[in-house]
Amino acid sequence: MKKKITLIGTMIVLALVCAMFLTACGPASDPDKAKENLNDEGYSAAVYDGDNVIVRVALAAADVSNVDKVLIASKYSDDSFEFLSVLYFDSSKDANAAVEKAKEYAKNQQKEQEEEQKKTDGEIEWTFGKSGKMIWFGTKAAVKAAR
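Residues numbered from 1 in each chain as written. Predicted model: local features only at pLDDT ≥ 70, side-chain atom pairs only at ≥ 80, totals over all residues. Heavy atoms only, no water.

Draft legend 1. Here's a closer look at the packing of aromatic side chains. Under the definition given, this model contains 5 aromatic pairs. Plain terms: the ring middles of tyrosine 76 and phenylalanine 81 are 4.7 Å apart, the flat faces sit at 35 degrees to each other, and that makes the pair tilted. Look at tyrosine 76 and you get exposed, because its relative accessible area is 65%. What makes phenylalanine 81 buried here is its relative accessible area of 10%. An angle of 75 degrees between the planes, with centres 6.3 Å apart, marks the rings of phenylalanine 83 and phenylalanine 137 as edge-to-face. Remark: phenylalanine 137 occurs in strand β5 (residues 134-139) and phenylalanine 83 occurs in strand β3 (residues 81-89); sequence separation between them is 54 residues. When its relative accessible area of 12% is taken as the criterion, phenylalanine 83 is described as buried. On the accessibility criterion, phenylalanine 137 (6% relative accessible area) is buried. Feature note: the residues Tyr76, Phe81, Phe83, Tyr105, Trp126 and Phe137 constitute an aromatic cluster, connected by ring pairs. (Phe/Tyr/Trp six-rings, centres within 6.5 Å; stacked < 30°, edge-to-face > 60°. Buried < 20%, exposed > 50% of the residue type's maximum accessible area, 1.4 Å probe, protein only. Helix = DSSP H or I, 4+ residues; strand = E, 2+ residues; numbered from the N terminus.)

If you want it as structure tokens, here you go:
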């Protein structure tokens, strides 16, 4: 009996550690906190409501809906371009429904940016992810700065 309790306790702790690790890999779950962190790192960042006309048109083009907030950030330096887009959904169910559409849109954006970067001989490290009610895509450095 003691072994079963120890095993169950160990599994619970392991699950909590994994959940914390996976959550720590993405931007902050609060868009205002992520914006603040990005601004502190020298990024130009803005948070828009999902019902903003420009945001709705852009999301409609990607066939994505039920977005509560959108965070967009960018940073230019002499040798690189860093950027991040984070979609904060109304629910994790909405985020799950939009993952594939957002991934397709992100791949198209990545292709366009990589073609542009080839002209300036720079390289970009891209990342795409989903955690709870948010989906993000952009450069690894920008995601790290938004934590």
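Draft legend 2. Seen up close, the pairing of β3. Within β3, 9 of the 9 residues are buried, which leaves the element mostly enclosed by the surrounding structure. On β3, burial covers both faces: Phe81, Phe83, Ser85, Leu87 and Phe89 on one face and Glu82, Leu84, Val86 and Tyr88 on the other are all buried. The pairing of strand β2 (residues 67-76) with β3 spans 9 bridges and is classified as antiparallel. Opposite valine 67, over in β3, you have phenylalanine 89 as the bridge partner. Between the end of β2 and the start of β3, which pair antiparallel, lie 4 residues. When β3 meets β5, the two strands line up antiparallel, connected through 5 bridges. Across the sheet, leucine 87 pairs through a bridge with isoleucine 135, a residue of β5. (Pairing = 2+ DSSP bridges.)

Draft legend 3. Representation of helix α2 (residues 31-40). Pro31, Ala34, Asn37 and Leu38 are the residues of α2 that are buried. Down the axis of α2, the sector holding all buried residues measures 125 degrees, keeping them to one side. Turning to α2, the residues buried within the fold contact β1 (44-49), β2, β3 and α5 (140-145). Backbone geometry just downstream of α2 places glycine 42 in the positive-phi region, at approximately 90 degrees. (Arc of directions from axis to C-beta. Contact = heavy atoms within 4.5 Å.)

Draft legend 4. View of the nonpolar core. Membership of the largest hydrophobic core comes to 16 residues, with the highest contact counts inside it found for Leu38, Leu71, Leu84 and Val86. Breaking this core down by element, the ones donating at least two residues are α2, β2, β3, β5 and α5. Dropping the residues within four chain positions of it, leucine 38 is found in contact with Tyr43, Ala45, Leu71, Ala73, Leu84, Ala142, Ala145 and Ala146. Listed in part, the 13 residues of the second largest apolar core include Val55, Val64, Phe89 and Ile135. (Core = buried A, V, L, I, M, F, W, Y, C linked by side-chain atoms within 4.5 Å.)

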